[in-house]
Every structure is written in C-alpha cells, then in structure tokens.
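# Structural description and commentary
Spelled out, the chains give:
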Amino acid sequence: MKNGIYLITKNQDLFNDQSDIINCSITDCCNYLSKSNYIAVDTETEGFDFSCKRLLMLQIGDESIQFVIDFRTLSQSEIAELKVLLEDESIVKLLHNAKFDYKFIKYYMGIELNNIHDTYLCEKIINCGKEDYGYGLAKLVKRYLNIELDKSVRNRFVSTSSSPFTIDQIVYGANDVKYLHHIYQEQLKSIETLKLKNVASLENNVVVVFAEIEYNGLHIDREAWGKLNLKNKQDTIQYEKDLDKLLLSFPEYSKYKAFKQYDLFLPEEEIKDSQLNWGSPSQVLKLFRTIVPDLENVNGKKIAVHKNKHPLISSYIKYKEKSKLSSAFGDNFNNFISCDNMVRTDFSQILDTGRVSSSNPNMQQIPSTNEYRNCFTCEDGWVFVSSDYSSQELNVIAHGSKDPVFLKALELNQDLHSVCAELVFADVWHKAAEPDCAFVKANQKCECKEHKRLRTHVKTINFGLAYGMGPKKLSETINSSLSEAKDLINKYFKAFPKIKIFLDSLGEQGKRTGMIRTFPPFNRLRWFDNWTPKMYNDKDSFMELGSIERASKNTPIQGSSADMTKLALFYIYKVIKENNYPVKIVMTVHDQIDTICPEEFSQEWKEIMTEKMNLAAKVIIPSGLLKAETTITKKWSK
C-alpha cells in the first residue's frame, strides 16, 4: 500500500474527485497493520459521555499510512476483524489520553484495548511538576516535530455528526494518529535517560483500570440522595436561624435585627431574624473584623484558626461546612448522573506527587460518612468488596526512615499514635492515664480524655509529615500558639531523630538538585520548575526554597503511596481479566479500592483481593508490615 490517508466508508461520493484520499476495506487495513509492532489509535465522538454520545470515527495507522474509518457504516463482521487486531497483546497501541478512547471503543465495539502507550501520560511522567508545560496533542506535535495542528476542526464533528465527513475532517482525524509514532520514539529515549521505565510501565498499565472504573461507574440511589439533599437544605436553613439568634443575643450587634415584612410567597421557615446574609462572604467578613480586625477573608483555612475567639465564628464554621455539603452534593450533583443512571467521575491520573484526583464529580471528596456513601449501591444479589491499606503513609514513613519505634509499633500491631504520644509527652502522658487504660494494658488506643487530646496532637504531626506540615500549619490545626507548635515539633523530632534525618535529607535533596523521586522500584520523578542551580545558596530565594523543601518531604511519601495503590489496581484488574472473575472495579479513593461482585463469590474474592493488595504493598515495603483490610458491604462504605 502506498503512503497516505485511506478512508473506509460506505459513502463513495468522496472518491470521485479527491484522489489524495484512497478507498479501502477493513480487511486491507487489518492485513497491513497486523504486521506492525505498534498501532496509533484515536476516535472522534459526538461528546464526552459514551453512554449517550455516539462514536463517529475511528482512526488507526502508523506514520506512513492512516486509516480513517466511518464507524457509523461499520458492520459487525468488520468490527470483529478490528477486534482481533486491536486486542492483539503483542502490538503496542499508541493513544493520547487513552482512557477517553478506551471507553467509547469498548462501549460501541466490544473491544478492550491493551498494551497501551499513552503519550499524554508519558509526557506528564517525563515533565512532572513543570507548570504551564502543555500536554495536549497539539502541544506535543509542536514540541517534537515543530508542526502546528489545527484543532478547530474538532468542534465540527458534533454539528455534522450525521453528515458525510468532509475532507478537512478526514485529514484532521488522520493527523491525530500520524504523529504519535514519532512522539512515542522520542518519549522512549527520555524515559530511558531519566530512568522512568518502571513508572511509565505502571501508568500505562493502570490507565486501562481507570478507564474501566469510569466505564463501570457507580449506581446512585436517587431517592436516598434526594432525601439527604433535602435534609442538608433544611439543616442549612436551621444553622442560619441559629446564627441569627446567636448574633442578636449580643447587644453590640442589635443593629442587625431585621425589620420583618412577611412575603406571602416565602415559606415561614425561611424568614430571617437578622439583616445579615450569612451566604455573603463580604458581609460576614465585615462583621468578623469587629472581632478579628486583621482577618483577611472568611475562607475555611483563614477563619478556622480563629474558631475559639468567639461563639459566632465557631458556629459560622459549622454552618459553612453544612452549606458546602448542600451546594457541592445537592441539586447540582444531578448534572453528573449519566444517561444510564450511573455516576462516572473523570480521573486525572497524575498530579505532581503522582497521586490521583477526580472531577465531574470529585469522588475523592465525597464525604466519607456512610450516609453519603451508602447512596451508591449495586444491583440485587451483588455486594461491594472494598479494600484499603491501614496507615499506608505512616508505613511509608517508617520504611523510609527506618525508625525503630515506628517499625516496632507496626510490627506488634500497637496503636502508633499513642505510642508516639507517650514518647513525646512522657510524664504528662503517664499521669493522664485513667483506670483501665487500654494503652497502659496493651499499647492500644484508649478512651482516656487527656490521652485523646495528646494523641490527637501527635496524630496531626504523624499525618502532617506526609504533607510537609510546618509549625504554622500545626498551630492552626490544633489551635495552639506558634511557639507551642514549634515546641511540640521539637519534642517530636527529639523522640524520633531518624524521622527528622529522613525528612531533612529529602528536603535537602530537593533544594540541592531541583528534583525529587518516589521510592524504588518506581522512582517517579518530580521537577521543581522554578528551581535554578544558583538558588541553593541565594538568600533571596528563601521562600521558594522553603516551598521546594516542603514538597520534597511530601512527594516521596504521597507518591510512593500512590504508586502502591496504582500497582494494586493493576494486580486486581489483571487477576479479574485472566480468570474471568465476575467482578467489576468501580472506584478508588486514595488508598481504598472498591469492587462489586455477586454475593456468593464475595468471600472468595475478598481473599483474592486482599492477597493482591498485600502483594502490591510488598513491592515498595518488602517487610510486609503494611497490610490491607477488606470488607464486604451491601452499599458503598468507608
């Protein structure tokens, strides 16, 4: 076959006067590409939701020949030919943002892509941390080949989704696969040079799993969600009324008393006692500046540190929390329910640390309380089997620092936060023990009132270590003075010098080199985009170096935890696929993975899933101290 663009369609009109575009069959296409080591793949669709938007065009090919297939005219026998080609595990499939195309191809063609190299993900791996770098296909084509891609044609597919493709649409589709091979070869060189083969393999393997999670979705009980939404609305109104009463209980705020003019169309419960609009940040800020004159704004982080300065502030914070639930997970949430009554989030697979985020909706921020999670259900006869790591990030810190106290507490299954609190607070901790203290008896979590407070302080530091927490953030979190927070951190590191050495070495490495990596074997790389060699000894770069230092302490902990969870996702997907188990992966939130399966298979699957989770943990923490806990529930649960 000669080089060029080949169109596969039942519409023959395009070939009368357009000699540059060649007509061929699916068989011709498959015969040519079956001899290839890699195939570039792309799609054009009516929209983003595969459950109700059509697949219009499929493009496959290499740098020499591109096949543009009018999917609307494809027969089942032709799809079967493509299935053999695209599911051939010996052929690398090159895609840009693979999980989008994967879902449409699976839904409309019954084809599950494998052996993927995602040029979008690999570019993010190579340049992780570089701001405003650009990871769209047009950016990569310009970067690697100095060719400008006109992406404006993309919008015309929606308006002409039932019409014959135009020449510019066909060329546009062909170009979306034409250059992937060159990008692929260049990315392989960078991946090799930067020693990123393991993490690139991980991300390319697990992109299929994230695509499957988005494909499967979570079924939502609309009635239960609606009741919860209504309750939140009512609670928010009540919180406002309580705030009004509290406000007017202080004589100095009597000027806010409302002149009540009843509206026949306004429900009585919504008639306010005060003139203050609690939903207006500017009005609330003006009020609270009479309490805290230098208050910058009433956002969560800024206002939280002042919560104990006045009852109005602490009550307002509670109101805002309830109001946020009502708005974020209220009526607007219906916009995220797909045509088939499923909720499907959109994963961003690689943040700067390597962690995952999601949007539309953000399932990572669905409240972990079961009143919310229980609104997500599965079909009759099926159950959720969910597994998560117990104290994953603390185990990563213990592994990295080799701290003997952390390691011993984890090995003996003791309550780590209490063990740490005992060392930090010493006599204060010992004197606070109440009769029958579970910690005194067996180093387990106890119910002693003062132990709870001290344990919470140390727990904040333990988890804060994974986020580069400093004295200022600690003081805001535990509501202490800055000097008290500094003193507490000093006591902590005096009790755990190896953790301080470990974290300081990470911070120093980032400041000295402008980069940091996660733990072996993945060695994920994060660049610090604003770093320059001269910055290390430059006093004027103090603020920027401080930011780099915090991120350098944080990234290996969070990133290694993310690497572990992604590996567990792949192991779980692989064992399901290889054994044709009746299991679907439906969600992952941080260190938790959620699956559904028939109830009669759930006990067997629970054991298999736990084994795969533990196997993934051992890849990063060979000691085997980190274990997964797996539960079976009727509804999605924490």
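Our structure's up above, just so we're on the same page.
Residues numbered from 1 in each chain as written. Predicted model: local features only at pLDDT ≥ 70, side-chain atom pairs only at ≥ 80, totals over all residues. Heavy atoms only, no water.

It is worth spelling out the packing of aromatic side chains at this point. Aromatic ring pairs are described here by two measures, namely the spacing of the ring centres and the angle between the planes. Following the criterion strictly, the structure yields 34 aromatic pairs and no others. With a centroid separation of 5.9 Å and an interplanar angle of 55°, the aromatic rings of Tyr32 and Phe67 are classed as tilted. Linking Tyr32 in helix H1 (residues 26-33) with Phe67 in strand E5 (residues 65-70), this pair joins segments that are 35 residues apart in sequence. Ring geometry for Phe333 versus Phe376: centroids 6.4 Å apart, planes at 70°, classification edge-to-face. With Phe333 in the loop between helix H13 (311-328) and strand E9 (342-343) and Phe376 in strand E12 (residues 376-377), the pair connects residues that are 43 residues apart, well separated along the chain. Note on accessibility: Phe333 and Phe376 belong to one class, buried. Positioned above the aromatic ring of Phe165 is the side chain of Arg72, whose terminal nitrogen or guanidinium carbon lies 4.2 Å from the ring centre. Positioned above the aromatic ring of Trp527, the side-chain terminus of Lys130 is 5.2 Å from the ring centre. (Phe/Tyr/Trp six-rings, centres within 6.5 Å; stacked < 30°, edge-to-face > 60°. Helix = DSSP H or I, 4+ residues; strand = E, 2+ residues; numbered from the N terminus. Buried < 20%, exposed > 50% of the residue type's maximum accessible area, 1.4 Å probe, protein only. Lys NZ or Arg CZ within 6 Å of the ring centre and 35° of its normal.)

Quick look at the sheet that holds E9 now. Here three strands make up an open sheet; going across it, the order is E9-E8-E12 and the pairing antiparallel. Lying at the two open borders of the sheet, with one neighbouring strand each, are E9 and E12. Here strand E8 (residues 218-220) pairs with E9 via two bridges, running antiparallel. Bridge pairing links His219 to Met342 in E9. (Pairing = 2+ DSSP bridges.)

All right, on to unusual backbone geometry then. Along the chain, Asn360 connects to Pro361 via a cis peptide bond; the corresponding omega equals 0°. Note on placement: Pro361 falls in the loop between strand E11 (357-359) and helix H14 (370-373). The residue after Pro520, namely Pro521, is reached through a cis peptide bond having omega 5°. Within the element layout of this structure, Pro521 appears in the loop between strand E14 (515-517) and strand E15 (525-527). One non-glycine residue with positive phi stands out, namely Lys402, at about 60°. For Lys402, the location among the structural elements is in the loop between helix H15 (392-401) and helix H16 (404-411). The exposure class assigned to Lys402 is partly exposed, which follows from its relative accessible area of 46%. Even without being a glycine, Asn523 presents a positive backbone phi close to 50°. Within the secondary structure layout, Asn523 lies in the loop between E14 and E15.

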